[in-house]
Amino acid sequence: MSDPSKEWPLWEVFVRGKGGLSHRHVGSVHAADGKMALEHARDTYTRRMEGVSLWVLPSAQIIASDPGDAAALFKPAEDKVYRHPTFYKIPDGIKHI
Amino acid sequence: MYTTDLSGKGKAETAAAEDPAMLATFEARVAADEFIEPKDWMPEAYRKTLIRQISQHAHSEIVGMLPEGNWITRAPNLRRKAILLAKVQDEGGHGLYLYCAAETLGVSRDEMTEALLSGKAKYSTIFNYPTLTWADIGAIGWLVDGAAIMNQVPLQRTSYGPYARAMVRICKEESFHQRQGYEIMMHLAAGTEAQKRMAQDALNRWWWPSLMMFGPPDDKSPNTEQSLRWRIKRDTNDELRQKFVDITVPQAEAIGLTVPDPALKWNEERGAYDFGDVDWEEFYAVVRGEGAVAKERMQARQKAWEDGAWVREAARVHAEKKAVGNRQLAVGAR
């Protein structure tokens, strides 16, 4: 059996579709280092002009929220509808607001 | 390209030992067409079934590079050669998208590679048939990729997020594969008598194996029910097979080729074609590894893996040395 410590590490790949857009996660690649990860990302995720810029970063460096905490993290926003402009009733006659 | 689940050997993974409350919440989410993401709770059987299905699918893409790669150096002209190179590269890419998706379920790339090379993991039976003539490249694109699209389009809505997203990318690219194949067949069918014979011969040899790609008939496919409920699968094998026949027969007729099935007949009442029985004995023989070029395919993959070992090792050691060097520089600069 292979030794897991000898497997090339995993890198997450982000592509900027075109100038003006932010980088978006598209998948991952294995590579020995960052330079190779960029090369693999280019070959794997941009064969059809999908992007103008690439980011790669070690998957192990991503700190993700726990789905179990989703309610604690995101539910409180639900009852704060006053954070949205549509919460406020403004008479039809009032313009530019 | 695509493979159906081949290694279940008649026993579906069961969800018996799970926490009933967690399981109920999970099933409700899936039933509501929500996506399950890597860190979400999921039943072990769901995880195992997905690892098996996605890795088999990935293996099929990788092994699928071999029959077509066989013709790259002998493509009839530069245009066809550039197209075939791009297609085979796409298949490699599809394999990589899928391996990544499987890895989010906690299996490593090397474990999957080992399962393939040891013969433990299956891949689509279709790739254990040889590519004898150039027309086979046309038939593969048209029929094999056509069947793959039929299988894969519904999987864009499969319940596991990373798998569904990989399928979206794959489906976008697959359509070029099918069209270039059909174009090859179209040209051959409109060519000399010998070229037309070659196209018909390829259709004759690839038709039935393509129908087998949808997997065993529904009454012999025990995993189907659970997989449908969990939205790992969205249509049954027989439904997809019927759809493929209905779409493909007129395409063959349009270019003057004949589907090699004497029982094929339009059924007005059903609004679909009736077609002959698939030789399932042949299918199971190929699943058992008795395909014409099964050994050759495995040897090619083993050789690629072994020949690449020094490259993987050298790149890893080089990266480690560089990382140590950088750390020392950083310390020295303080």
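What counts and how
- Residues numbered from 1 in each chain as written.
- Chains lettered and ligands numbered in written order.
- Predicted model: local features only at pLDDT ≥ 70, side-chain atom pairs only at ≥ 80, totals over all residues.
- Heavy atoms only, no water.
- Salt bridge = Lys/Arg side-chain N within 4 Å of Asp/Glu carboxyl O.
- Helix = DSSP H or I, 4+ residues; strand = E, 2+ residues; numbered from the N terminus.
- Buried < 20%, exposed > 50% of the residue type's maximum accessible area, 1.4 Å probe, protein only.
- Contact = heavy atoms within 4.5 Å.
- Buried area = accessible area lost by both parts, 1.4 Å probe.
- Nonpolar A, V, L, I, M, F, W, Y, C, P; charged D, E, K, R; others polar.
- Axes fitted to C-alpha atoms, helices over the stretch in contact; angles between N-to-C directions.
- Parallel < 35°, antiparallel > 145°, perpendicular 65-115°, else oblique.
- Left-handed = near helix turned anticlockwise from the far one by under 90°.
- pLDDT = per-residue confidence, 0-100.
- 1 Å grid on protein atoms, 1.4 Å probe; cavity = no way out; pocket = protein on both sides within 12 Å on 5 of 7 lines; lining within 4 Å.
- Points joined across faces, edges and corners; volume = space filled by probe spheres on them.
- Pairing = 2+ DSSP bridges.

1. Points about the pattern of salt bridges
Next up, step 1: Per the stated rule, a full pass over the model turns up 31 salt bridges over all chains.
Next up, step 2: Across the salt bridge formed by B:Glu173 and A:Arg48, the nearest N and O atoms sit 3.4 Å from each other. You can see B:Glu173 sitting in helix α7 (residues 161-189) and its partner A:Arg48 sitting in the loop between α1 (34-45) and β3 (53-58), one on each of two chains.
Next up, step 3: Among the ionic pairs, B:Arg47 bridges to B:Glu44, the shortest N-O distance being 3.3 Å. Remark: B:Glu44 and B:Arg47 occur in helix α2 (residues 44-63); sequence separation between them is three residues, near one turn of the helix.
Next up, step 4: Take B:Arg47: its relative accessible area is 21%, and that puts it in the partly exposed class.
Next up, step 5: When salt bridges with common partners are traced through the structure, they connect A:Arg47, A:Arg48, B:Asp90 and B:Glu173 into a single cluster.

2. Digging into the interface of chain B and chain A
Next up, step 1: Taken together, the contact pairs 24 residues of chain B with 24 residues of chain A.
Next up, step 2: Interface area lost by chain B to chain A is led by B:Lys39, B:Arg169 and B:Arg316, which between them contribute 26%.
Next up, step 3: The tally of links between chain B and chain A comes to six salt bridges.
Next up, step 4: Listed by contribution, the elements that provide at least two residues to the side of chain B that touches chain A are α4 (78-103), α5 (109-117), α7 and α13 (309-333) of chain B.
Next up, step 5: In terms of residue class, the side of chain B that touches chain A is built from seven nonpolar, four polar and 13 charged.

3. Things to note about the packing of α4(B) against helix α6 (residues 134-152) of chain B
All names here are of chain B.
Next up, step 1: Interaxial distance between α4 and α6 falls to 13 Å at its minimum, and their mutual angle equals 45 degrees. Relative to α6, α4 is oriented oblique. You can see that α4 and α6 cross each other, and the crossing is left-handed. Where α4 abuts α6, its residues Arg 80, Leu 84, Lys 87 and Glu 91 lie against Trp 134, Ile 137, Gly 141 and Asp 145.
Next up, step 2: For the contact of α4 with α6, the residue count by class is three nonpolar, one polar and four charged.

4. Quick word on the confidence of the model for chain B
Next up, step 1: Averaged over every residue, the pLDDT of chain B is 92; the share at 70 or more is 95%.
Next up, step 2: Scoring the predicted complex yields pTM 0.91 and, for the interface, ipTM 0.86.

5. A short note on the layout of surface pockets
Next up, step 1: In this structure, the largest pocket occupies an estimated 1,300 Å³ of space.
Next up, step 2: Lining the largest pocket are 36 residues, and of these A:Glu12, A:His25, A:Val26, A:Gly27 and B:Arg165 lie nearest its centre.
Next up, step 3: Of all elements in the fold, only β1 (10-16) and β2 (23-30) of chain A together with α4 and α7 of chain B reach the threshold of two or more residues within the lining of the largest pocket.
Next up, step 4: Tallying contributions element by element places α7(B) first for the lining of the largest pocket, with seven residues.

6. Digging into the environment of B:Arg29
Next up, step 1: Mapped onto the elements, B:Arg29 comes out in helix α1 (residues 20-31).
Next up, step 2: Apart from residues lying up to four places away in sequence, B:Arg29 is in contact with B:Glu34, B:Phe35, B:Ile36 and B:Asp40.

7. Remarks on the pairing of β1(A)
Within a regular beta strand, the side chains point alternately toward one face of the sheet and then the other, so they alternate between its two faces.
Residues and elements named next belong to chain A.
Next up, step 1: A large share of β1 lies buried, amounting to five of its seven residues.
Next up, step 2: When β1 meets β2, the two strands line up antiparallel, connected through seven bridges. Directly across from Trp 11, in β2, lies its bridge partner Val 29.
Next up, step 3: Remark: six residues form the turn of the hairpin made by β1 and β2, two consecutive strands paired antiparallel; Gly 20 in that turn has positive phi of roughly 100 degrees.
Next up, step 4: Looking at chain direction, β1 and β3 are connected through six bridges and run antiparallel. If you follow Arg 16 over to β3, its bridge partner there is Ser 53.

8. Let's talk about unusual backbone geometry
Residue and element names in this part refer to chain A.
Next up, step 1: Unlike most non-glycine residues, Met 49 shows phi in positive territory, near 55 degrees.
Next up, step 2: Mapped onto the fold, Met 49 is located in the loop between α1 and β3.
Next up, step 3: For Met 49, a relative accessible area of 79% translates into the label exposed.
Next up, step 4: Unusually for a residue other than glycine, His 96 sits at a positive phi of about 55 degrees.
Next up, step 5: Summarising the element assignment, His 96 is placed in the segment after α2 (70-74).
Next up, step 6: For His 96, a relative accessible area of 86% corresponds to the exposed category.

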